[in-house]
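Listed below are the residues making up each chain.
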Amino acid sequence: MNIQKVDDKVIKFWQVKALIDSVITILVFSVILGAVYFFTDTTIPIWIFIIALIILLISSLFSIFLFPILKGKYFGYSFYEDRIIIKKGVWFRKQETIPMIRIQNIESNIGPIAKKFNLTSLRVTTASKSHKLPELNTHEALELQNWVQQIIQKTI
């Protein structure tokens, strides 16, 4: 079984997304904490706010630097004539096998950040569930999408 791992560009992409999410979360959290501290008559000590921000910073660092690397290490996929196999999970690992005859739709998604990295994500939909594949090189993803669509057409 030839399981393909994600590209290093994908890990960098995940890190950039996590950085943007973390910055937005920290800013919103800081504004809320500042508003609560300065504009209400609460007697919450400042050290509680500082501890909350430190915990948020530590979790942000984890989600930016460590989690994308772990996710890239354990995320893999394979395409065969009769099935697609997706391996995923950092803490709880699982393998999903999607028979080609069950696939109803495959769609691609290119976000603004992914476009800068030349990456596209694919989502495979069956009658019961939707499966997201990791981001792939745009050219490769569109070729795989066309290949799967041709197989779907043959089974109809």
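Keep in mind the model is a prediction, meaning the values are calculated, not measured.

(A) Geometry of the overall build of the protein. When helices and strands are counted, the protein shows four helices and eight strands. The order of helices and strands in the protein, counted from the N terminus, is β-α-α-β-β-β-β-α-β-β-β-α. Against the compact-globule benchmark of 15 Å for 156 residues, the protein has a radius of gyration of 21 Å, which places it well outside the compact range. In terms of overall dimensions, the protein has a C-alpha envelope of 70 × 30 × 25 Å along the principal axes. Among the 156 residues that make up the protein, the fraction classed as buried is 32%. Once local pairs closer than 6 in sequence are excluded, the contacts in the protein between residues at least 24 apart make up 50%. Total accessible area computed for the protein in this model is approximately 10,100 Å², and 64% of it derives from carbon and sulfur atoms. Distance from the positive charge centre (18 side chains) to the negative charge centre (11 side chains) of the protein: 4 Å.

(B) Seen up close, a negative patch on the surface. Residues Asp7, Asp8, Glu140 and Glu143 make up a contiguous surface patch of negative charge. With respect to the helices and strands, the residue Glu140 is situated in helix H4 (residues 138–155). Assessed through its relative accessible area of 31%, Glu140 is described here as partly exposed.

(C) Up close: helix H1 (residues 8–39). An ideal rise of 1.5 Å per residue puts 46 Å on 32 residues; H1 measures up with 46 Å between its terminal C-alpha atoms. For H1, the full list of buried residues reads Val10, Ile11, Phe13, Trp14, Gln15, Ala18, Ser22, Ile26 and Leu33. Contact partners of the buried residues in H1: helix H2 (46–74), helix H3 (112–117) and strand S6 (119–126).

(D) The arrangement of unusual backbone geometry in detail. Although it is not a glycine, Asn118 sits at a positive phi angle of roughly 60°. Following the sequence through the fold, Asn118 ends up in the loop between H3 and S6. Judged by relative accessible area, which is 37%, Asn118 ranks as partly exposed.

(E) Local environment of a positive patch on the surface. A cluster of basic side chains, namely Lys5, Lys73, Lys87 and Arg93, defines a positive patch on the protein surface. The exposure class of Arg93 is exposed, given its relative accessible area of 54%.

(F) Broad picture of the pattern of salt bridges. Enumeration according to the criterion identifies five salt bridges in this entry. A salt bridge links Glu96 to Lys88; its shortest N-O distance comes to 3.6 Å. Note on Glu96: relative accessible area 8%, which makes it buried. Residue class for Lys88 comes out partly exposed when judged on its relative accessible area of 24%.

Cut-offs and rules
Residues numbered from 1 in each chain as written. Predicted model: local features only at pLDDT ≥ 70, side-chain atom pairs only at ≥ 80, totals over all residues. Heavy atoms only, no water. Helix = DSSP H or I, 4+ residues; strand = E, 2+ residues; numbered from the N terminus. Rg over C-alpha atoms; globule rule 2.2 N^0.38 Å. Buried < 20%, exposed > 50% of the residue type's maximum accessible area, 1.4 Å probe, protein only. Contact = heavy atoms within 4.5 Å. Areas by Shrake-Rupley, 256 points an atom, 1.4 Å probe, with all protein chains shown as cover. Lys, Arg positive; Asp, Glu negative; His and termini not counted. Charge placed at Lys NZ, Arg CZ, Asp CG, Glu CD. Patch = residues over 30% accessible without salt bridge, like charges linked within 9 Å, V, L, I, M, F, W, Y side chains within 5 Å. Salt bridge = Lys/Arg side-chain N within 4 Å of Asp/Glu carboxyl O. Expected span 1.5 Å × (residues − 1).

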